[in-house]
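Take a look at the letters that make up each chain.
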There are 4 protein chains.
Amino acid sequence: MTTHRFEATAWHNVLAKLPAALHVTNGDTVITETLDAAGVDKHGIARAQGSNPMNGPIHVDGAEPGDVLQVDIIRMTPIRGHGWTRGALAANVVDPERVRDLPPRAKVDWIIDAEAGTVRLKEPVEGLEQLILPIEPMLGCFGVAPAHGQAISTATSAENGGNMDYRGFGPGARIWFPVFEPGALFYLGDCHAIQGDGEIVGTGVETAMEVEMRLSVLKDRKQAWPRGETAETIYTVGNARPLDQALQHATTEMFDWLTGEYGLSPVAASHLMGQAVRYEVGNVFDPAFTMVCHIPKKYLPKSQKPR
Amino acid sequence: MTTHRFEATAWHNVLAKLPAALHVTNGDTVITETLDAAGVDKHGIARAQGSNPMNGPIHVDGAEPGDVLQVDIIRMTPIRGHGWTRGALAANVVDPERVRDLPPRAKVDWIIDAEAGTVRLKEPVEGLEQLILPIEPMLGCFGVAPAHGQAISTATSAENGGNMDYRGFGPGARIWFPVFEPGALFYLGDCHAIQGDGEIVGTGVETAMEVEMRLSVLKDRKQAWPRGETAETIYTVGNARPLDQALQHATTEMFDWLTGEYGLSPVAASHLMGQAVRYEVGNVFDPAFTMVCHIPKKYLPKSQKPR
Amino acid sequence: MTTHRFEATAWHNVLAKLPAALHVTNGDTVITETLDAAGVDKHGIARAQGSNPMNGPIHVDGAEPGDVLQVDIIRMTPIRGHGWTRGALAANVVDPERVRDLPPRAKVDWIIDAEAGTVRLKEPVEGLEQLILPIEPMLGCFGVAPAHGQAISTATSAENGGNMDYRGFGPGARIWFPVFEPGALFYLGDCHAIQGDGEIVGTGVETAMEVEMRLSVLKDRKQAWPRGETAETIYTVGNARPLDQALQHATTEMFDWLTGEYGLSPVAASHLMGQAVRYEVGNVFDPAFTMVCHIPKKYLPKSQKPR
Amino acid sequence: MTTHRFEATAWHNVLAKLPAALHVTNGDTVITETLDAAGVDKHGIARAQGSNPMNGPIHVDGAEPGDVLQVDIIRMTPIRGHGWTRGALAANVVDPERVRDLPPRAKVDWIIDAEAGTVRLKEPVEGLEQLILPIEPMLGCFGVAPAHGQAISTATSAENGGNMDYRGFGPGARIWFPVFEPGALFYLGDCHAIQGDGEIVGTGVETAMEVEMRLSVLKDRKQAWPRGETAETIYTVGNARPLDQALQHATTEMFDWLTGEYGLSPVAASHLMGQAVRYEVGNVFDPAFTMVCHIPKKYLPKSQKPR
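For clarity, every value in this text was computed on a predicted model and none was experimentally measured.

Novice: Help me get a handle on the overall build of chain A, residues and values and all.
Specialist: Each helix and strand in chain A was counted, giving 2 helices and 22 strands. Taking 19 Å as the expected radius of gyration for a compact globule of 307 residues, we find that chain A reaches 19 Å, a close match to that expectation. Dimensions of chain A along its principal axes, counting C-alpha atoms only, are 55 × 45 × 35 Å. Burial status across chain A gives 65% buried among its 307 residues. By sequence separation, contacts in chain A at least 24 residues apart represent 74% of the contacts at least 6 residues apart. For chain A, the exposed area adds up to about 10200 Å²; of that, 50% sits on carbon and sulfur atoms.

Written out as structure tokens, the structure reads:
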């Protein structure tokens, strides 16, 4: 198992079957520095076009269509002392007739204090003078090359992941993506120092980070949408509009997981999901919205295990 | 401040301006036993028609249109040793082309052990033999008479509350409803011993409970949708289809709360919501879906206070 | 068969089980003058509260739950020389981030020239100096009392009809409503001199009209949503949000009609609908949107007939 | 102006910036034979993978980003005596709880009689023995390379066109696409002998056709979504889910057209659209739905003209 320091020199605004920027072996660790969502690096220099320029793709040897790529996010370290947000709710998250009451979507700077582990507005606003938020790092956009020769914009997301903007995608998360192309072709970028549910101002605190992750291949797994696990739960991810359809995708994927690898009958899966499911909202801003469906591990059948 | 023991003798399948079954004074406590969602009482006797027959309405003296009714849920005690669910995911929460893979929506019995504080299937199913869930009581349907002479079915929900099926509506919750009719005319029923997010099998564990709550009037409050608070958060509730619109209602209401009573500017409210908001899904089964928008109290401006 | 001249003296903002204002017999004709959507009569006098005050209810003797009420719109005659619209697209019909580009929703007057059969702006605007539209009268809001004691606002619509704002509901139209209460309890109002699809400025040309219609009862008909026919087509009406769900309701109702009274197999109904269906948009402004599903009569099985 | 006979030898399942299969000059005519949606040619031989393999791309000299590609569909001639459909309504167009009542989605053959100009089931089904439909040819999927290096699946559609499945895209139609890549890179395929609104069985009568069209470049036009005109109307096309959002896109594009090239004020554009707009449903089956917004030419300002 090797650790690769991967210095990106080109970035991509689509997830697609593109020439690999790095080749790794099953189980290798990769450390890489990302640009922020606007393509600006840790020195404040614009290196690539927005939105969400990606490092990658990383070719994982042995990954084939029908397999699953396991991504363990080991560490995300801010490498810049500042980040930015948009200072207004997005038009689509308020009642349409109230859009006019929203402020302009100005770019606003935040201070990221890595030592203190905090994020705060650079220029405090009235009423929020004391607002000091914890750094809760997350990957806004990451995933693998999609199927059928598609090149999917990093503004949006699909079965292959992408711009899901889910705050659960931080250090400690383990995520599984279905593999559609040989080598999986993994991409990442768009790090947030913190973000609320839904990314309802259209951004988290956008910044550059050093990301450390392990990439592994699980052979021959039936899986349609991204899956993941935390210490407490297993989860599935659906990406679509409207939010209802994102929820349908995530719910169906969980149903398939429970009736598949966990061996529950459709009735048993319904009982467990009906009384124990928790939903979390990824983004409700991008072209595809993201809904995440969690089941507590403590209620899962003991005889099976999470892959 | 009086405590009323309210024994319902008639039940309603709409929230409407109907003759009061009980008159109380601002700040009074009411204790009442509800039927389950199918109209069956604690003895297993069918007393009313489903769905969701309501106790009430309770007339709170002094409540006028433009005021707010504060409901403190003090206690919810199961008064029946069993409950029931539907044993299949609802058709609308899975991908449409997968509906055929769902089992029939059979009625299934659960044992509610009030002493142990647990809920479990009466007839265990394979893989869930060990599934013992905690009792987490909640009011599936409650609210006040709506505006303009409407009589809104207890199958659905709106600005006045109703069948929101949100698991946060349990003991300790404080909820505020806008008042549309003199006396507010408060209704309640449809108790669940536990329920997952979304009520995705179309039911929680449906049962009869004794509910104790305090009803208070707050004069002259500008509020469009239900609001509430927990020990940790304040929250707003939007009811509509699709889920996107429920989210818009809840988000707009939170924006109005923060820019109104909390005195934040639209920019400041956007900052706070953008990086700190949490959404929870009420139901995605009823005609109107329910989305709940939370903001942690610790980040609220110190100079204001939650009403 | 009697012709009733029905002069309304009270109006309603809900469709509900209310005391009948008129009793008629199966097959009777009713002539009545409506107020406009704001409650203003033919003399320009405000007689009732908006929105959409209704004449009625009309009790049709012999109509019972499970029957169908047939409404033949015979004539709609403008009885006022002017109408009004809102002069701006509704916020919900444009891209959310473009709402700010819309003008204010000012009330604008139109001249209705009954003799010439035309509608035109009272104060012409640049570029539309020559805009002379035909009078195409339609009932914006009409229907019967809903089920289960509901009182449904005339701002919205449901299985019982209501504020569907479909331009097909004019003279010559035959519409069938499912009956939920004894006597059906028919309501009407909210006449438009003309309206585009979707009612996308939130109004047609709102005015007062004299409406002549025949009310008949069809016994024991299985029907869930409004149905209708024109000279060329049969159609079904779905009311819901989002538009996708309105379309699902209308499509399911047509499927049930073709496989029910027309005796087609599910496969045959699918063939016919798949290659010959036409959809028309009722409203996309009200709380429930309206989608209409048409099948040309010329393709219907010859051995059956439309009821 | 040259006429090119373009014989495709490779087909594509994405619209993307791919090497041109043909170069033409502004105003040239192209005649080409398409495969059907499953990749089968006029001889019944499978030549490419479904879904919707495209002929192209055709590079139109002089077309640059910011221009518009004008496509005049001159002729569509069936070149195969048969087509196929799916014999069941799609799961997503009926009420979710009714999906189980749909038949299986079997492939069904139809006879296309080019001489008679008719389409009929190869094996008649009961009740539809007399069903003889006219040939109404249309292009299911066509458009140009999208922006930002995307490769968009021919299963779906976007600003650049694609799988819109709108029955208005037949002979006589003039359609304008925004150009995102040099040469526009035009693709076409997926011809239908006939199709109802919405493509609600997931297909029209899928077949191979010879298509004749003229490709022209209009320089420097501000346009976000496909536009078109018929003899009677101008129209705009929105592609998205849910249908509400497709409608928002189409409506916004029409508003921009009327306030842009037609010079109407926002108020005037609202008046005209509010009382005269007609919507038509393209598809409600593909990942993105399609809504088309029409305005009659007779009401357009006389001083301007349609590009």
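Novice: I'd like to hear about the pairing of strand β16 (residues 186–192) of chain D, residue by residue, with values.
Specialist: Residue and element names in this part refer to chain D. Of all the 7 residues making up β16, 7 are buried; the element is thus mostly covered by neighbouring parts of the structure. Both strand β11 (residues 138–144) and β16 contribute to a ladder of 6 bridges, which runs antiparallel. The residue bridging Gly143 from the neighbouring strand is Tyr187, located in β16. In terms of strand pairing, β16 meets strand β17 (residues 206–207) through 2 bridges, oriented antiparallel. Bridge assignment links Cys191 to a residue of β17, and that residue is Thr207.

Novice: Help me get a handle on the side chain of D:Gln195, residues and values and all.
Specialist: With respect to the helices and strands, the residue D:Gln195 is situated in the loop between β16 and β17. Judged by relative accessible area, which is 1%, D:Gln195 ranks as buried. Within the local environment of D:Gln195, its side chain forms a polar contact with the backbone oxygen of D:Asp165, the two atoms lying 3.0 Å apart. Here the side chain of D:Gln195 touches D:His192 through a polar contact of 3.0 Å, side chain to side chain. Those residues within four positions of D:Gln195 in sequence are excluded, and the remaining contacts are C:Gly274, C:Gln275, C:Arg278, D:Met138, D:Asp165, D:Arg167, D:Thr203, D:Gly204 and D:Gly282.

Novice: Can you break down the domain arrangement of chain A residue by residue, with the values?
Specialist: Residues and elements named next belong to chain A. Annotation of chain A at the domain level lists domain 1 (3–81 + 136–218), domain 2 (86–134) and domain 3 (227–299). Each of domain 1 and domain 2 has a C-alpha centre, and the two are 25 Å apart. Across the contact, 13 residues belong to domain 1 and 13 residues belong to domain 2. Of all residues in domain 1, Ile200, Val201 and Val205 give up the largest surface area on contact with domain 2, accounting jointly for 42% of the area buried on that side.

Novice: Tell me what's going on with the sheet that holds strand β4 (residues 29–33) of chain D, and back it up with residues and numbers.
Specialist: All names here are of chain D. Taken in spatial order, the 9 strands line up as β1-β4-β18-β6-β15-β19-β20-β22-β21 in an open sheet, and their pairing is mixed. At either end of the open sheet lies a strand with only one pairing partner, and these are β1 (3–6) and β21 (278–281). The sheet shows a mean angle of 25° between the axes of neighbouring strands, taken without regard to direction. Two strands pair when backbone bridges link them, and strand β6 (residues 68–78) and strand β18 (residues 209–218) are joined in this way by 10 bridges, in the antiparallel orientation. By the bridge assignment, Arg75 is partnered in β18 with Glu212. The sheet contacts of helix α1 (residues 243–259) involve β15 (174–178), β19 (227–229), β20 (233–240), β21 and β22 (289–296), and relative to β20 the element is tilted by about 140°.

Novice: I'd like to hear about the relation of the copies chain B and chain A, residue by residue, with values.
Specialist: When chain B is fitted to chain A, the best match, at an RMSD of 0.0 Å, comes from turning it 180° and sliding it 0.0 Å along the axis. When the rotation and shift are considered jointly, the pair of chain copies conforms to a two-fold rotation axis. Relative to the rotation axis, the C-alpha of B:Leu243 is the closest in chain B, positioned 3.0 Å from it. A shared interface surface links the copies, since 100% of the contact residues of chain B are contact residues in chain A too.

Novice: Quick rundown of the interface of chain D and chain C? Include the residues and the values.
Specialist: Across the contact, 65 residues belong to chain D and 65 residues belong to chain C. For the pairing of chain D and chain C, the buried interface totals around 5200 Å² over both sides, and the portion due to carbon and sulfur atoms is 63%. In this assembly, chain D and chain C are joined by 4 salt bridges. Among the salt bridges present, the one from C:Asp256 reaches D:Arg98, with a minimum N-O distance of 2.7 Å. Our count for the chain D to chain C interface comes out at 20 residue pairs in polar contact (both at pLDDT 80 or more). Counting residues per element, the side of chain D that touches chain C draws most heavily on helix α2 (residues 266–276) of chain D, at 10 residues.

Novice: How would you summarise the interface of chain B and chain A if you had to cite specific residues and measurements?
Specialist: Between chain B and chain A, the contact holds 65 residues from the first and 65 residues from the second. Linking chain B to chain A there are 4 salt bridges. Connecting chain B to chain A are 20 residue pairs in polar contact (both at pLDDT 80 or more). Counting residues per element, the ones that place at least two in the side of chain B that touches chain A are β8 (107–113), β10 (133–134), α1 (243–259), α2 (266–276), β21 (278–281) and β22 (289–296) of chain B.

Novice: Just give me the short version of the sheet that holds β21(B), but keep the residues and values in it.
Specialist: All names here are of chain B. Taken together, the 9 strands give an open sheet; going across it, the order is β1-β4-β18-β6-β15-β19-β20-β22-β21, and neighbouring strands pair in mixed fashion. The open sheet has two free edges, formed respectively by β1 (3–6) and β21, since each of these has just one partner strand. The mean angle between the axes of side-by-side strands here comes to 25°, regardless of whether they run parallel or antiparallel. Pairing analysis gives 3 bridges linking strand β19 (residues 227–229) to strand β20 (residues 233–240), with the strands arranged antiparallel. Bridge pairing in β20 links Gly228 to Tyr235.

Novice: Just give me the short version of the environment of D:Lys298, but keep the residues and values in it.
Specialist: Tracing the chain through its elements places D:Lys298 in the segment after β22. Remark: the alpha-carbon pair of D:Lys298 and D:Thr252, spanning 46 residues in sequence, is separated by 21 Å.

Novice: Give me the side chain of D:Asn163: which residues, what numbers.
Specialist: Residues and elements named next belong to chain D. Of note, Asn163 is situated in strand β14 (residues 161–163). A distance of 3.3 Å separates a polar atom in the side chain of Asn163 from a polar atom in the side chain of Asp165. Every residue in contact with Asn163, bar those within four places of it in the chain, is listed here: Asn52, Gly140, Cys141, Thr154, Ala155, Thr156, Ser157, Asp190, Asn283 and Asp286.

Novice: Could you give me a rundown of the packing of helix α1 (residues 243–259) of chain C against α1(D), with the residues and numbers involved?
Specialist: Orientation of α1(C) relative to α1(D), taken along the N-to-C sense of each, is 120°, at an axis distance of 7 Å. On the basis of their axis angle, the class for α1(C) and α1(D) is oblique. On the side of α1(C), the interface is formed by C:Leu243, C:Asp244 and C:Leu247, while α1(D) contributes D:Leu243, D:Asp244 and D:Leu247. Along the lines of polarity and charge, the residues of the contact of α1(C) with α1(D) split into 4 nonpolar, no polar and 2 charged.

Novice: Could you give me a rundown of the relation of the copies chain D and chain C, with the residues and numbers involved?
Specialist: When chain D is brought onto chain C, the operation consists of a screw motion whose angular component is 180° and whose axial shift is 0.0 Å, with 0.0 Å RMSD remaining. An overlap of 100% is found between the interface residues of chain D and their copies at the interface of chain C, pointing to a shared contact surface.

Novice: An account of the pattern of salt bridges is needed here, citing residue identities and associated values.
Specialist: Residues and elements named next belong to chain B. On inspection of all chains with the given rule, the structure shows 72 salt bridges over all chains. Between Arg75 and Glu212 there is a salt bridge, with the nearest N and O atoms lying 3.0 Å from each other. One end of the pair, Arg75, is in strand β6 (residues 68–78); the other, Glu212, is in strand β18 (residues 209–218), with 137 residues separating them in the sequence. We classify Arg75 as partly exposed; its relative accessible area is 25%. Here Arg221 ties to Glu261 by a salt bridge, and the two come within 3.7 Å at their closest N and O atoms.

Novice: For unusual backbone geometry, give the residues involved together with the corresponding values.
Specialist: Here the bond from A:Arg241 into A:Pro242 is cis, since omega is -10°, no more than 30 degrees from zero. By the secondary structure assignment, A:Pro242 is in the loop between β20 (233–240) and α1 (243–259). For the peptide bond that leads from C:Gly56 to C:Pro57, omega is 0°, which places it in the cis range. Relative to the helices and strands, C:Pro57 resides in strand β5 (residues 55–60). You will see that C:Asp165, though not glycine, has its phi angle at about 50°, which is positive. Among the structural elements, C:Asp165 can be located in the loop between β14 (161–163) and β15 (174–178).

Novice: Describe in detail the packing of aromatic side chains, supporting the description with residues and values.
Specialist: One pair of aromatic rings is described through two measures. These are the centre distance and the angle between the planes. A complete count under the given rule lists 32 aromatic pairs over all chains for this structure. A centroid spacing of 6.3 Å and a plane angle of 90° characterise the contact between C:Phe142 and C:Phe186, whose relative ring orientation is edge-to-face. Remark: C:Phe186 occurs in strand β16 (residues 186–192) and C:Phe142 occurs in strand β11 (residues 138–144); sequence separation between them is 44 residues. Among the residues examined, C:Phe142 registers a relative accessible area of 0% and is labelled buried. Ring geometry for C:Phe169 and C:Tyr235: centres 6.4 Å apart, planes at 45°, overall tilted. Here the residue C:Phe169 occupies a position in the loop between β14 and β15, and C:Tyr235 occupies one in strand β20 (residues 233–240), the gap between them amounting to 66 residues. Residue placement shows D:Lys107 over the ring face of D:Trp84; its charged tip is 4.3 Å from the ring centre.

Reading the values: rules and limits
Residues numbered from 1 in each chain as written. Chains lettered and ligands numbered in written order. Predicted model: local features only at pLDDT ≥ 70, side-chain atom pairs only at ≥ 80, totals over all residues. Heavy atoms only, no water. Helix = DSSP H or I, 4+ residues; strand = E, 2+ residues; numbered from the N terminus. Rg over C-alpha atoms; globule rule 2.2 N^0.38 Å. Buried < 20%, exposed > 50% of the residue type's maximum accessible area, 1.4 Å probe, protein only. Contact = heavy atoms within 4.5 Å. Areas by Shrake-Rupley, 256 points an atom, 1.4 Å probe, with all protein chains shown as cover. Pairing = 2+ DSSP bridges. Polar contact = N/O pair within 3.5 Å; in protein donor to acceptor, adjacent residues only side chain to side chain. Domains from an automatic or database assignment. Buried area = accessible area lost by both parts, 1.4 Å probe. Axes fitted to C-alpha atoms, helices over the stretch in contact; angles between N-to-C directions. Least-squares fit on C-alpha atoms with pLDDT ≥ 70 in both. Salt bridge = Lys/Arg side-chain N within 4 Å of Asp/Glu carboxyl O. Parallel < 35°, antiparallel > 145°, perpendicular 65-115°, else oblique. Nonpolar A, V, L, I, M, F, W, Y, C, P; charged D, E, K, R; others polar. Phe/Tyr/Trp six-rings, centres within 6.5 Å; stacked < 30°, edge-to-face > 60°. Lys NZ or Arg CZ within 6 Å of the ring centre and 35° of its normal.

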